[in-house]
Amino acid sequence: MYDADSIHTLTTLEQIGLVAVSALFALLALGFTWVLVQRRPLIIRVPVWLVAFITFVWASPQGYYTYYRMIFDNLPAQSVIQAPPPPEEIVALLTFTGPESLAAHSVGVLGWLMFVVAVWPQRRKNAATQRID
(Lines give C-alpha, C1' and ligand atoms only; values in the text may rest on other atoms or scores of the structure.)
Protein backbone atom coordinates (compact mmCIF):
# COMPACT_ATOMS: atom_id res chain seq x y z
CA MET A 1 0.00 0.00 0.00
CA TYR A 2 2.82 2.43 0.83
CA ASP A 3 5.31 1.26 -1.82
CA ALA A 4 5.07 4.51 -3.80
CA ASP A 5 5.52 6.82 -0.79
CA SER A 6 8.27 9.39 -1.05
CA ILE A 7 9.89 8.12 2.17
CA HIS A 8 11.30 5.27 0.07
CA THR A 9 13.34 7.79 -1.97
CA LEU A 10 15.30 8.81 1.15
CA THR A 11 18.40 7.16 2.54
CA THR A 12 18.06 5.16 5.75
CA LEU A 13 19.51 8.02 7.79
CA GLU A 14 17.14 10.51 6.14
CA GLN A 15 14.21 8.17 6.83
CA ILE A 16 15.21 7.96 10.50
CA GLY A 17 15.39 11.75 10.59
CA LEU A 18 11.95 12.04 9.02
CA VAL A 19 10.47 9.62 11.54
CA ALA A 20 12.14 11.57 14.36
CA VAL A 21 10.75 14.88 13.05
CA SER A 22 7.30 13.29 12.72
CA ALA A 23 7.47 11.89 16.27
CA LEU A 24 8.49 15.31 17.60
CA PHE A 25 5.63 17.00 15.74
CA ALA A 26 3.18 14.39 17.05
CA LEU A 27 4.34 14.83 20.64
CA LEU A 28 4.09 18.60 20.31
CA ALA A 29 0.58 18.36 18.81
CA LEU A 30 -0.57 16.00 21.57
CA GLY A 31 0.98 18.15 24.29
CA PHE A 32 -0.47 21.31 22.79
CA THR A 33 -3.91 19.71 22.70
CA TRP A 34 -3.59 18.57 26.32
CA VAL A 35 -2.61 22.07 27.46
CA LEU A 36 -5.48 23.68 25.54
CA VAL A 37 -8.19 21.41 26.96
CA GLN A 38 -7.16 21.41 30.61
CA ARG A 39 -10.01 22.33 32.96
CA ARG A 40 -12.44 22.94 30.14
CA PRO A 41 -15.86 21.31 29.83
CA LEU A 42 -16.24 18.56 27.23
CA ILE A 43 -18.44 20.77 25.07
CA ILE A 44 -15.43 23.10 24.65
CA ARG A 45 -12.74 20.41 24.39
CA VAL A 46 -14.11 18.89 21.17
CA PRO A 47 -14.03 22.16 19.18
CA VAL A 48 -10.60 22.95 20.65
CA TRP A 49 -9.39 19.54 19.40
CA LEU A 50 -10.76 20.23 15.94
CA VAL A 51 -9.07 23.64 15.74
CA ALA A 52 -5.78 22.17 17.01
CA PHE A 53 -5.95 19.36 14.43
CA ILE A 54 -6.78 21.73 11.57
CA THR A 55 -3.91 23.98 12.67
CA PHE A 56 -1.54 21.00 12.62
CA VAL A 57 -2.66 19.93 9.14
CA TRP A 58 -2.34 23.52 7.93
CA ALA A 59 1.04 24.43 9.48
CA SER A 60 3.03 21.17 9.62
CA PRO A 61 4.08 21.22 5.94
CA GLN A 62 6.37 24.13 6.79
CA GLY A 63 8.15 22.04 9.41
CA TYR A 64 8.60 19.17 7.00
CA TYR A 65 9.82 21.54 4.30
CA THR A 66 12.40 22.87 6.76
CA TYR A 67 13.61 19.30 7.33
CA TYR A 68 13.79 18.68 3.58
CA ARG A 69 15.84 21.87 3.16
CA MET A 70 18.37 20.34 5.54
CA ILE A 71 18.72 17.13 3.52
CA PHE A 72 18.27 18.37 -0.07
CA ASP A 73 20.56 20.93 -1.68
CA ASN A 74 19.18 23.99 -3.41
CA LEU A 75 15.68 24.06 -1.95
CA PRO A 76 14.79 27.73 -1.67
CA ALA A 77 13.82 29.35 1.61
CA GLN A 78 10.10 29.88 1.21
CA SER A 79 6.79 29.49 2.91
CA VAL A 80 4.87 26.42 1.80
CA ILE A 81 1.89 27.10 4.05
CA GLN A 82 -1.20 27.69 1.96
CA ALA A 83 -4.83 28.38 2.81
CA PRO A 84 -6.25 26.30 5.67
CA PRO A 85 -7.46 22.89 4.52
CA PRO A 86 -11.11 22.66 3.48
CA PRO A 87 -13.49 20.64 5.66
CA GLU A 88 -13.62 17.76 3.18
CA GLU A 89 -9.83 17.31 3.45
CA ILE A 90 -10.05 17.15 7.25
CA VAL A 91 -12.87 14.61 7.05
CA ALA A 92 -10.91 12.55 4.50
CA LEU A 93 -7.87 12.48 6.78
CA LEU A 94 -9.90 11.46 9.83
CA THR A 95 -11.85 8.79 7.95
CA PHE A 96 -8.81 7.49 6.05
CA THR A 97 -10.60 8.04 2.74
CA GLY A 98 -8.12 10.59 1.37
CA PRO A 99 -4.78 9.79 -0.22
CA GLU A 100 -3.56 6.26 0.41
CA SER A 101 -0.23 7.40 1.75
CA LEU A 102 1.73 6.82 4.90
CA ALA A 103 1.72 10.57 5.55
CA ALA A 104 -2.07 10.93 5.22
CA HIS A 105 -2.79 7.86 7.33
CA SER A 106 -0.30 8.98 9.98
CA VAL A 107 -2.00 12.38 10.18
CA GLY A 108 -5.36 10.63 10.53
CA VAL A 109 -4.06 8.51 13.41
CA LEU A 110 -2.59 11.62 15.03
CA GLY A 111 -5.94 13.38 14.69
CA TRP A 112 -7.69 10.58 16.55
CA LEU A 113 -4.99 10.51 19.22
CA MET A 114 -5.45 14.26 19.67
CA PHE A 115 -9.19 13.60 20.02
CA VAL A 116 -8.56 11.01 22.74
CA VAL A 117 -6.34 13.49 24.58
CA ALA A 118 -9.04 16.14 24.26
CA VAL A 119 -11.93 14.05 25.57
CA TRP A 120 -10.04 11.95 28.14
CA PRO A 121 -11.76 12.36 31.50
CA GLN A 122 -9.97 14.85 33.68
CA ARG A 123 -9.60 14.34 37.40
CA ARG A 124 -10.79 17.18 39.53
CA LYS A 125 -8.92 17.97 42.70
CA ASN A 126 -11.06 17.57 45.78
CA ALA A 127 -10.96 20.82 47.77
CA ALA A 128 -10.86 18.84 51.03
CA THR A 129 -7.65 17.03 50.05
CA GLN A 130 -5.71 20.02 48.72
CA ARG A 131 -2.73 21.08 50.76
CA ILE A 132 -2.50 24.60 51.94
CA ASP A 133 1.07 25.85 51.66
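Here the structure is a predicted model, which means the values were calculated and not measured. (Residues numbered from 1 in each chain as written. Predicted model: local features only at pLDDT ≥ 70, side-chain atom pairs only at ≥ 80, totals over all residues. Heavy atoms only, no water.)

What to know about the side chain of arginine 45
Argument step 1. Along the chain, the position of arginine 45 falls in helix 2 (residues 42-71).
Argument step 2. Residue classification places arginine 45 among the buried positions, given a relative accessible area of 9%.
Argument step 3. A distance of 3.1 Å separates the side chain of arginine 45 from the backbone oxygen of tryptophan 120, its partner in a polar contact. (Helix = DSSP H or I, 4+ residues; strand = E, 2+ residues; numbered from the N terminus. Buried < 20%, exposed > 50% of the residue type's maximum accessible area, 1.4 Å probe, protein only. Polar contact = N/O pair within 3.5 Å; in protein donor to acceptor, adjacent residues only side chain to side chain.)

Overview of the nonpolar core
Argument step 1. Counting 24 residues, the largest nonpolar core has Phe53 and Met114 as the members making the most contacts within it.
Argument step 2. Mapped by element, the contributors of at least two residues to this core are helix 1 (12-37), helix 2, helix 3 (87-95) and helix 4 (102-119).
Argument step 3. By residue number, the principal contributor to this core is helix 2, which donates 8 residues.
Argument step 4. Leaving out residues up to four positions away in the same chain, methionine 114 has contacts with Ala29, Leu30, Thr33, Trp49, Ala52 and Phe53. (Core = buried A, V, L, I, M, F, W, Y, C linked by side-chain atoms within 4.5 Å. Contact = heavy atoms within 4.5 Å.)

What to know about the packing of helix 2 against helix 4
Each pair of packed helices gets described by two things: the angle between the helix axes and the distance between those axes.
Argument step 1. Here helix 2 crosses helix 4 at 155°, and the two axes come no closer than 9 Å. If you check the angle between helix 2 and helix 4, you find them roughly antiparallel. Helix-helix and strand crossings are classified by hand; for helix 2 and helix 4 the assignment is right-handed. Here helix 2 contributes Leu42, Arg45, Val46, Trp49, Ala52, Phe53, Phe56 and Val57 to the contact with helix 4, which in turn contributes Val107, Leu110, Gly111, Met114, Phe115, Ala118 and Val119.
Argument step 2. Within the contact of helix 2 with helix 4, the residues separate by chemical class into 13 nonpolar, 1 polar and 1 charged. (Axes fitted to C-alpha atoms, helices over the stretch in contact; angles between N-to-C directions. Parallel < 35°, antiparallel > 145°, perpendicular 65-115°, else oblique. Left-handed = near helix turned anticlockwise from the far one by under 90°. Nonpolar A, V, L, I, M, F, W, Y, C, P; charged D, E, K, R; others polar.)

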